[in-house]
Amino acid sequence: DTAVSQTPKYLVTQMGNDKSIKCEQNLGHDTMYWYKQDSKKFLKIMFSYNNKELIINETVPNRFSPKSPDKAHLNLHINSLELGDSAVYFCASSHSRAGGQPQHFGDGTRLSIL
Amino acid sequence: QKEVEQNSGPLSVPEGAIASLNCTYSDRGSQSFFWYRQYSGKSPELIMSIYSNGDKEDGRFTAQLNKASQYVSLLIRDSQPSDSATYLCAVNSLIYTGTASKLTFGTGTRLQVTL
């Protein structure tokens, strides 16, 4: 029944490792997003895909690479993890790329870098 | 300059009172505005959306929008302890390419409803 689901919920790893986070939505939405919420709880958009096409790419280090195999899935791969990457990463989806569409969030992936 | 500003709080109100949460934004072209509630350790949950000037009511929640003043607010009537959470204001605006829009979030206001 979960609308937007992310795996894993928790990720604890060492600096320098590479890791991936997966996201799937069953809402039939066309647009998906990755957000980062830092320790101060500030939620900032990283990427957005519309029907497998990258439409938003904010100023994010190129160690972060999103991939959307189809419109229901959006994954995030992070290379060479750094301490500053520790945060909660949220996936979200909306009906379309048009303005005014509310976004629905997954439960988040808490990434901790040792 | 912050694009969406909120008072971080905590805003403390007694149970049964009205909680008033405020948000200002900088992009005059913004057309869509949202309030999300986030409990500690949980994901943001949409509680209100507003698109035109004036008030919009949904149960105990009222969103108010004044585009001329670039101001959005959320009123919670008959506040309950279960309303204690961080409330995030989000403003939708076009990205520079004009081909998509994005939500910009404020840093949130932490609300505490006391017994």
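Going by the structure above, here's the rest.
This section reports on the structure supplied with the text. (Residues numbered from 1 in each chain as written. Chains lettered and ligands numbered in written order. Predicted model: local features only at pLDDT ≥ 70, side-chain atom pairs only at ≥ 80, totals over all residues. Heavy atoms only, no water.)

**So, the nonpolar core**
Line of reasoning, step 1. Trp35, Val72, Leu74, Ile76 and Tyr87 of chain B are the most contacted members of the largest nonpolar core, which totals 23 residues.
Line of reasoning, step 2. At the level of elements, β3 (19–25), β4 (32–38), β5 (45–50), β7 (61–66), β8 (71–76), β9 (85–94) and β11 (109–114) of chain B are the ones that each hand at least two residues to this core.
Line of reasoning, step 3. Filtering out sequence-adjacent residues up to four positions away, Val72 of chain B remains in contact with Leu21, Asn22, Cys23, Tyr25, Phe33, Trp35, Ile50, Gln64 and Leu65 of chain B.
Line of reasoning, step 4. Ile21, Trp34, Phe47 and Ile113 of chain A belong to the second-largest nonpolar core, a separate cluster that totals 19 residues. (Core = buried A, V, L, I, M, F, W, Y, C linked by side-chain atoms within 4.5 Å. Buried < 20%, exposed > 50% of the residue type's maximum accessible area, 1.4 Å probe, protein only. Helix = DSSP H or I, 4+ residues; strand = E, 2+ residues; numbered from the N terminus. Contact = heavy atoms within 4.5 Å.)

**Structural notes on the interface of chain A and chain B**
Note on interface size: it is often stated as the accessible area lost on association of the parts.
Line of reasoning, step 1. In this assembly, 21 residues from chain A lie in contact with 21 residues from chain B.
Line of reasoning, step 2. Of the roughly 1600 Å² buried between chain A and chain B on both sides combined, carbon and sulfur atoms contribute 55%.
Line of reasoning, step 3. Joining chain A to chain B, the criterion identifies one salt bridge.
Line of reasoning, step 4. Here Glu58 of chain A ties to Lys102 of chain B by a salt bridge, and the two come within 3.0 Å at their closest N and O atoms.
Line of reasoning, step 5. Put simply, chain A and chain B have four residue pairs in polar contact (both at pLDDT 80 or more) between them.
Line of reasoning, step 6. For the side of chain A that touches chain B, the elements supplying multiple residues, two or more each, are β4 (31–37), β5 (43–50) and β6 (53–57) of chain A.
Line of reasoning, step 7. Looking at side-chain class alone, the side of chain A that touches chain B contains 10 nonpolar, six polar and five charged residues. (Buried area = accessible area lost by both parts, 1.4 Å probe. Salt bridge = Lys/Arg side-chain N within 4 Å of Asp/Glu carboxyl O. Polar contact = N/O pair within 3.5 Å; in protein donor to acceptor, adjacent residues only side chain to side chain. Nonpolar A, V, L, I, M, F, W, Y, C, P; charged D, E, K, R; others polar.)

**Some words on the state of the cysteines**
Disulfides are covalent bonds that connect the sulfur atoms of two cysteines.
Line of reasoning, step 1. Scanning the entire structure with this criterion turns up two disulfides over all chains.
Line of reasoning, step 2. The disulfide bridge from Cys23 of chain A ends at Cys91 of chain A, spanning 1.9 Å between sulfur atoms. Across the S-S bond of Cys23 of chain A and Cys91 of chain A the torsion is about -80 degrees, and the bridge reads as left-handed. Of this pair, Cys23 of chain A sits in strand β3 (residues 19–25) while Cys91 of chain A is found in strand β9 (residues 87–94), placing the two residues 68 residues apart along the sequence. Just as Cys23 of chain A is buried, Cys91 of chain A falls in that class too.
Line of reasoning, step 3. What pairs with Cys23 of chain B in a disulfide is Cys89 of chain B, and their sulfur atoms sit 2.1 Å apart. One quick way to see it: the torsion about the S-S bond of Cys23 of chain B and Cys89 of chain B is about -70 degrees, and its sign makes the bridge left-handed. You can see Cys23 of chain B sitting in strand β3 and its partner Cys89 of chain B sitting in strand β9, a full 66 residues away along the chain.
Line of reasoning, step 4. With a relative accessible area of 0%, Cys89 of chain B lands in the buried category. (Disulfide = S-S within 2.5 Å.)

**Some remarks on the packing of aromatic side chains**
Line of reasoning, step 1. All told, the structure shown has 10 aromatic pairs over all chains when counted by the stated rule.
Line of reasoning, step 2. Between Phe90 of chain A and Phe105 of chain A, the ring centres sit 6.2 Å apart and the planes meet at 85 degrees, which makes this aromatic pair edge-to-face. Of the two residues, Phe90 of chain A is situated in strand β9 and Phe105 of chain A in strand β10 (residues 104–105); the sequence distance between them amounts to 15 residues. The two residues Phe90 of chain A and Phe105 of chain A agree in class, both being buried.
Line of reasoning, step 3. For the pair Phe34 of chain B and Tyr51 of chain B, a centre-to-centre distance of 6.1 Å together with 85 degrees between the ring planes defines the contact as edge-to-face. Within this pair, whereas Phe34 of chain B is found in strand β4, its partner Tyr51 of chain B is found in the loop between β5 and β6 (54–58), the two being separated by 17 residues in sequence.
Line of reasoning, step 4. A residue is classified by how much of its surface remains accessible, and Phe34 of chain B, at 1% relative accessible area, is buried.
Line of reasoning, step 5. Among the aromatic residues, those joined into a ring-pair cluster are Tyr33, Tyr35, Phe90 and Phe105 of chain A together with Tyr36 and Phe105 of chain B.
Line of reasoning, step 6. Sitting over the face of the ring of Phe61 of chain B, Arg60 of chain B holds its NZ or CZ atom 5.6 Å from the ring centroid. (Phe/Tyr/Trp six-rings, centres within 6.5 Å; stacked < 30°, edge-to-face > 60°. Lys NZ or Arg CZ within 6 Å of the ring centre and 35° of its normal.)

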